[in-house]
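Structural overview for review
Residue-level listing of the chains:
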Amino acid sequence: MQPFTEKVIKIIKNIPRGKVMTYGQIARLAGSPRGARQVVRILHNQSEKHQLPWHRVVNGKGEIGFKDGDLHDIQRELLENEGIHFNINKRLDLQEFAHESSQQI
């Protein structure tokens, strides 16, 4: 496994309940500031294998990355069950719900 992938997995595993991180935020902490798309790929390929809390990762606007549909609804429900609220524009408040981990892995 690549070092970047290992770091991303560790970061995602440590997102606490009721908090989220963005793809870009995770990429920066893992050492690749432009690696947000790699984070998406890692989530897609590794979530089940590593039991990642994939639902706690959102885009930089505070939106669920999936378009409307089953996965979108599942992610939203999981986040709401953790106390995260969405506004009328289907966004969550990153200032309130973002996990601020300033420590680079």
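Residues numbered from 1 in each chain as written. Predicted model: local features only at pLDDT ≥ 70, side-chain atom pairs only at ≥ 80, totals over all residues. Heavy atoms only, no water.

**Brief notes about unusual backbone geometry**
Here is the rule we go by: Put simply, DSSP H or I for four residues or longer makes a helix, DSSP E for two residues or longer makes a strand, and each gets a number counted from the N terminus.
Phi at Q51 takes a positive value of approximately 50 degrees, unusual for a residue other than glycine. By the element assignment, Q51 lies in the loop between α3 (36-50) and β2 (57-58). A positive phi angle, close to 65 degrees, is found at K90, a residue other than glycine. On the secondary structure map, K90 appears in the loop between α4 (70-81) and α5 (94-97).

**Digging into the nonpolar core**
We count it as follows: Residues enter a nonpolar core if they are buried and are Ala, Val, Leu, Ile, Met, Phe, Trp, Tyr or Cys, with the set joined through side-chain atoms within 4.5 Å. The rule is simple: take the accessible area with a 1.4 Å probe, protein chains only, and divide by the maximum for that residue type; under 20% is buried, over 50% is exposed, in between is partly exposed. Throughout, a contact is declared for two residues whenever any of their heavy atoms are within 4.5 Å.
Judged by nonpolar contacts, the single largest core of 17 residues is most densely connected at F4, V8, I12, I26, V39, L43 and V57. When residues of this core are traced back to their parent elements, those giving at least two are α1 (3-13), α2 (23-29) and α3. No other element matches α1, which puts five residues into this core. In this structure, V57 is in contact with I12, I15, M21, T22, Y23, I26, L43 and Q75, ignoring residues within four places of it in sequence. Counting residues in hydrophobic clusters, the runner-up holds eight residues, among them V20, L79, I84 and F97.

**A few points about the side chain of Q75**
Mapped onto the secondary structure, Q75 falls in helix α4. On the accessibility criterion, Q75 (1% relative accessible area) is buried. Among residues more than four places away in sequence, those in contact with Q75 are W54, H55, V57, V58, I64, G65 and F66.

**A look at α4**
Going by this rule: How far a helix is expected to stretch is found by multiplying one less than its residue total by 1.5 Å. Here, the arc refers to the directions that run from the helix axis to the C-beta atoms.
A rise of 1.5 Å per residue sets the reference length of α4, with its twelve residues, at 16 Å; its end C-alpha atoms lie 16 Å apart and thus fit the reference within 8%. Buried within α4 are the following residues: H72, Q75 and L79. Taken down its axis, α4 places every buried residue within 70 degrees of arc, on the same side. Opposite the buried face of α4, at more than 90 degrees from it, the exposed residues are D70 and N81. On its buried face, α4 sits against β2. The positive-phi residue at the C-terminal boundary of α4 is G83, with phi of around 95 degrees.

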